[in-house]
Amino acid sequence: MINFTILNLRKTLLFLFLYCSLSSCNWFKEKPEIAVVLAEHFDNKLYNKFDTAAYLPIFKAKLEEQRKDFLNPKLITAFYTKNEYLPSLVTKFYTNGQLDTLKSFIAQSKADGFNPEIFNLSTYEKQLQTLNKNQFKSIDEVYELIADLELNTAHILNKYTNFMGYGSINPRNFFNRFYIKVQRPDSLKMDSVLRTDDMVATLRNVQQTDKRYLQLKRALANFRDSLGSDASPAVNKIKMNLERMRWRLPQKTQELVVVNIPDFSLTWFKQNDTLAHMNVCVGAKREAAYKEKMKAFMKSGSLDDKPKNHETPQLFSVFNAIQVNPIWNIPVSIAKSEIYWMARKDPYYLSNNNIRVYYKGKLVGDPDTINWYKYPREKLPFMFKQGSGAGNALGKFKFVFDNSSSIYLHDTNNKYGFKLANRAISHGCVRIEQPLRFAELMVKDKYQYDNLRMDVDLPPIDTTKNAIFQKKLAKKTDTLNIFKLKPTWYSPRKSIGVFIAYYTAWADDKGGVQFRPDVYEYDPVLWEAIKRYM
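Every value quoted in this text rests on a predicted model; they were computed, and no experiment measured them.

Asks: Explanation requested: the overall build of the chain in the structure shown.
Replies: Assigned secondary structure in the chain consists of 19 helices and 16 strands. Since a compact globule built from 534 residues should have a radius of gyration of about 24 Å, the 34 Å found for the chain marks it as more spread out than a globular shape. Taking the principal axes of the C-alpha coordinates as reference, the chain spans close to 130 × 70 × 60 Å. Here the chain holds 534 residues, and 46% of them are scored as buried. Long-range pairs, those at least 24 residues apart, make up 69% of the contacts in the chain between residues at least 6 apart in sequence. Here the chain has roughly 28,800 Å² of accessible surface; of this, 53% comes from carbon and sulfur atoms. The averaged location of the 55 negative side-chain charges in the chain is 5 Å from the averaged location of its 79 positive side-chain charges.

Asks: Explain the packing of aromatic side chains to me, please; I cannot follow it from the model alone.
Replies: By convention here, two paired aromatic rings are described through the distance between centres and the angle between planes. The full count for this structure, using the stated rule, is 34 aromatic pairs. Considering the side-chain rings of F79 and Y80, the 4.8 Å spacing of their centres and the 75° angle between planes classify their relative orientation as edge-to-face. The residue whose ring lies beneath R212 is F269, and the NZ or CZ to ring-centre distance is 4.3 Å. When the ring centre of Y166 is taken as origin, the NZ or CZ atom of R248, which lies over that ring, is 4.1 Å away.

Asks: Which parts of the structure should I look at to understand the pairing of strand β3 (residues 273-283)?
Replies: Look at any regular strand and the pattern is simple: side chains alternate between the two faces of the sheet. By the bridge criterion, six bridges tie strand β2 (residues 265-270) to β3 in an arrangement that is antiparallel. Residue pairing across strands places S265 opposite N279, the latter belonging to β3. Hairpin remark: β2 followed by β3, antiparallel, with two residues in the connecting loop; positive phi at Q271, about 55°. By the bridge criterion, two bridges tie β3 to strand β12 (residues 430-432) in an arrangement that is antiparallel. When the bridges of β12 are listed, C281 appears paired with R431. As defined by bridge partners, β3 adjoins strand β11 (residues 424-426) across two bridges and the pair is classed as parallel. From the neighbouring strand, V282 faces β11, where its bridge partner is A424.

Asks: Teacher, can you tell me more about the sheet that holds strand β7 (residues 362-363) here?
Replies: The strands making up a sheet associate through hydrogen bonds between their backbones, and the pairing can be parallel or antiparallel. Read from one edge to the other, the open sheet built from four strands follows the order β5-β8-β6-β7, with strand pairing classed as antiparallel. Every other strand in the sheet has two partners, leaving β5 (328-329) and β7 as the edge strands with one partner each. Across five bridges, the pairing between strand β6 (residues 355-359) and strand β8 (residues 382-386) is antiparallel. The residue of β8 that forms the bridge with Y358 is M383.

Asks: When you look at the packing of helix α11 (residues 211-227) against helix α12 (residues 233-246) in this model, what are you seeing that I'm missing?
Replies: Packed helices, taken two at a time, are described by the angle their axes make and the gap between the axes. For the pair α11 and α12, the least separation of the axes is 10 Å and the interaxial angle reads 160°. When the axis of α11 is compared with that of α12, the two are roughly antiparallel. The interaxial crossing formed by α11 with α12 has left-handed handedness. For the pair formed by α11 and α12, the contact residues are R212, Y213, L216, K217, A219, L220, F223, R224 and L227 on the first element and A234, V235, I238, K239, N241, L242, M245 and R246 on the second. A class-by-class count of the residues in the contact of α11 with α12 yields 11 nonpolar, one polar and five charged.

Asks: I keep staring at unusual backbone geometry and nothing clicks. Help me out?
Replies: What is expected of a backbone is that most residues other than glycine have negative phi and most peptide bonds are trans. We note that F264 has phi near 50°; this positive angle belongs to a residue other than glycine. Note that F264 resides in the loop between β1 (255-260) and β2. The class of F264 is buried, set by a relative accessible area of 7%. Within the chain, S406 stands out as a residue other than glycine whose phi angle is a positive 55°. Secondary-structure assignment places S406 in the loop between β9 (397-401) and β10 (409-410). Among the residues examined, S406 registers a relative accessible area of 57% and is labelled exposed.

Asks: What is the right way to look at helix α17 (residues 446-455) in this model?
Replies: Here α17 lies mainly inside the structure; seven of its 10 residues are buried. Every buried residue of α17 is listed here: Q448, Y449, D450, L452, R453, M454 and D455. Buried residues along α17 sit in contact with β4 (315-324), β9, α16 (435-442), α18 (466-477) and β13 (488-490). Between a side-chain oxygen at the N-terminus of α17 and the backbone nitrogen of Y447 the separation is 3.3 Å; the capping residue is D445. Positive phi appears at D457, one or two residues downstream of α17, with a value of about 65°.

Asks: Would you mind going over the pattern of salt bridges with me for this structure?
Replies: Following the criterion strictly, the structure yields 20 salt bridges and no others. The salt bridge involving R244 is made with D523; its shortest N-O contact spans 2.7 Å. A residue pair is termed long-range when its members are at least 10 positions apart, and R244 in helix α12 and D523 in helix α19 (residues 523-530) qualify at 279 residues. Just as R244 is buried, D523 falls in that class too.

Asks: How should the nonpolar core be read in this particular structure?
Replies: Within soluble globular proteins, side chains that are nonpolar generally end up buried alongside one another. Core analysis: the largest hydrophobic core is formed by 142 residues, its most contacted members being F319, F384, F399, L409 and F438. Looking at this core element by element, the count peaks at 14 residues for helix α8 (residues 139-166). Discounting chain neighbours no more than four positions away, the residues touching L409 are V259, L266, F319, F397, K398, F399, F401, V430, I432, F438 and V498.

Asks: Just to check I follow, could you spell out the side chain of R224 for this structure?
Replies: Within the secondary structure, R224 is located in helix α11. Reaching out from R224, the side chain makes a polar contact with the backbone oxygen of K110 at a distance of 2.7 Å. Only 2.8 Å separates the side chain of R224 from the side chain of D230, close enough to count as a polar contact.

Asks: Any chance you could explain the environment of R246 here in plain terms?
Replies: Tracing the backbone shows R246 in helix α12. Exposure remark for R246: the relative accessible area of 0% places this residue in the buried category. Linking R246 and M164, residues 82 residues apart in sequence, is a C-alpha distance of 7.1 Å. Sequence-distant contacts of R246, that is, excluding residues within four places in its chain, are made with D112, F114, F163, M164, G165, Y166, G167, Q208, Y213, K239 and M534.

Asks: Before we go on, may I ask you to explain the side chain of H310 in this structure?
Replies: Mapped onto the elements of the fold, H310 is located in the loop between α13 (290-300) and β4. Here H310 is in contact with R177, G283, A284, S426, H427 and G428, once residues within four sequence places are set aside.

Rules used in this analysis
Residue positions are counted from 1 within each chain, in the order its sequence is given. Per-residue local features of the predicted model are confined to residues with pLDDT of at least 70, and side-chain atom pairs are confined, for both listing and counting, to 80 or more; whole-chain, interface and lining totals are unaffected and use all residues. Hydrogens and waters are ignored; side-chain quantities use all the structure's heavy atoms. By definition, any uninterrupted DSSP run of H or I lasting at least four residues is a helix, any uninterrupted run of E lasting at least two residues is a strand, and each is numbered from the N terminus. Both definitions apply: the radius of gyration is a C-alpha atom measure, and the globule rule equals 2.2 Å times residues to the power 0.38. Think of it in three bands: with a 1.4 Å probe and only protein chains considered, a residue is buried below 20% of the maximum accessible area for its type, exposed above 50%, and partly exposed in between. Any two residues whose heavy atoms approach within 4.5 Å are treated as being in contact. Per-residue and other accessible areas were derived by the Shrake-Rupley procedure at a 1.4 Å probe size, with only the shown protein chains allowed to occlude residues. Two residue types count as positive, namely Lys and Arg, and two as negative, namely Asp and Glu; His and chain ends fall outside the count. All charge positions are set by atom: Lys at NZ, Arg at CZ, Asp at CG, Glu at CD. Centres within 6.5 Å are what make two rings of Phe, Tyr or Trp a pair, Trp counting through its six-membered ring; a difference in plane orientation under 30 degrees is then read as stacked, over 60 as edge-to-face, and the rest as tilted. The criterion is that NZ of a Lys, or CZ of an Arg, lies within 6 Å of the ring centre and within 35 degrees of the ring normal, and then a charge sits over that ring. At least two DSSP bridges between two strands are required for those strands to pair. Under this scheme, a helix contributes an axis fitted over its contacting stretch, all axes are lines through C-alpha atoms, and angles between N-to-C directions fall in the 0 to 180 degree range. Angle categories: roughly parallel below 35 degrees, roughly antiparallel above 145, roughly perpendicular from 65 to 115, and oblique for all the rest. Crossing handedness follows the turn of the near helix against the far one: under a right angle anticlockwise gives a left-handed crossing, and clockwise gives a right-handed one. All residues other than Ala, Val, Leu, Ile, Met, Phe, Trp, Tyr, Cys, Pro, Asp, Glu, Lys and Arg, Gly among them, are scored as polar; the first ten of these are nonpolar and the last four charged. N or O atoms closer than or at 3.5 Å make up a polar contact, with two conditions inside protein: a donor-capable atom paired with an acceptor-capable one, and, for residues adjacent in sequence, both atoms drawn from side chains. Any Lys or Arg side-chain nitrogen found within 4 Å of a carboxyl oxygen on Asp or Glu counts as a salt bridge. For this analysis, a nonpolar core means a set of buried residues of the types Ala, Val, Leu, Ile, Met, Phe, Trp, Tyr and Cys, connected via side-chain atoms within 4.5 Å.

This is the structure in structure tokens:
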């Protein structure tokens, strides 16, 4: 019994000795996937020597050295930490040609206005060429190349998909009156890009497909062909507006009303169809030397030193109401800068213009008797509202959508402005030239549209309602009863978005490029932000 036990012990010890010996010779060590893939692809046994334990310190050192040049260093570092620092992108996408496809996409980024070198094109080409040649003298050379190629692939893939899919900058970081919460890639989206199993599909998904973008992209190619270079203000302006078109709106709507500030125009789109196009008036440009004057105002606190800035903000929202015969809630800034002085100059200005005055929320019975000299305009205790009807600054229609700036589209009692070449003349809201046509497109049905028409003293389209219309007119002209015009609210059709945009160049359907003056002088700010990428 004892002899049998000793014999088994000797066999066990012999097995352990042989196992440890063979393990030290790597006979039982599992080959990493990169070794199997490259050895089979090149039919070269050198790659079988790929030792993960020897590779990892080299990769980690390069990651620490190169991460400062990454667009999102924390994200890429976290990706490789979770992935045990393995060359997953090269392993998955080198032999099937998808790394070459990535190289082709970044080379073609020039057509979108980018300089391909911001995506390390030359370096990437050399790295791929070196691996393609398959002329390594030692496995140590393979470690160096694979580590560099892997990190460069991750960096390029992250940067390219961000820039092409969302734009190279976040405009909210550069423009004070850019109030659109544009979509930007979050960490989950960027991580999913690095973890993709189909790089080609990922690259295709971030390409811009909008008709207007593709038209302007073709126009850029035509300008380059005719000029022979990119050294042109016109080319730069096209590049800037391609960048603007890459900024993603926060949501998609079935229809979209686009107000283009530099063009002083409004276009109503339903997919690729244009439902309406009309002139608009937008906010006036800020005063010259605005920043310097604001500094003086901040020091003095005097409204006399405060410079004017009525620029219409860039924003996106969805229409939620139409107000017919609107009341104008006069903004505090206008009350202090304009209404106050007019009331001091002419004691009957308020009543003549149907403006009601409120003190601590209560209507002032006779505003013409207010002694305005008693109240400094910096601490004006009154609120002002202009009633519905003739003379109202908003005209007969107000088109409402949620936003934090109290901006809306509206009619106007001053039609002369639409004849001007430069229509940056409002206090910030957008005046539209054809408000009735706009309202017709926005209401739910013909019944609603007829009621809206009768509210503004226009006969209904449906002639069977003429008797109702005549009664409404008679009520307004009845001298025995005081008629008080009040606003009427209507609900618009669903999913009509409004996008107040700023495009200084776009392509027309004939292949030409339409350029517009940079009315708010935003182009130099944008170019300074993106020129290093172009």
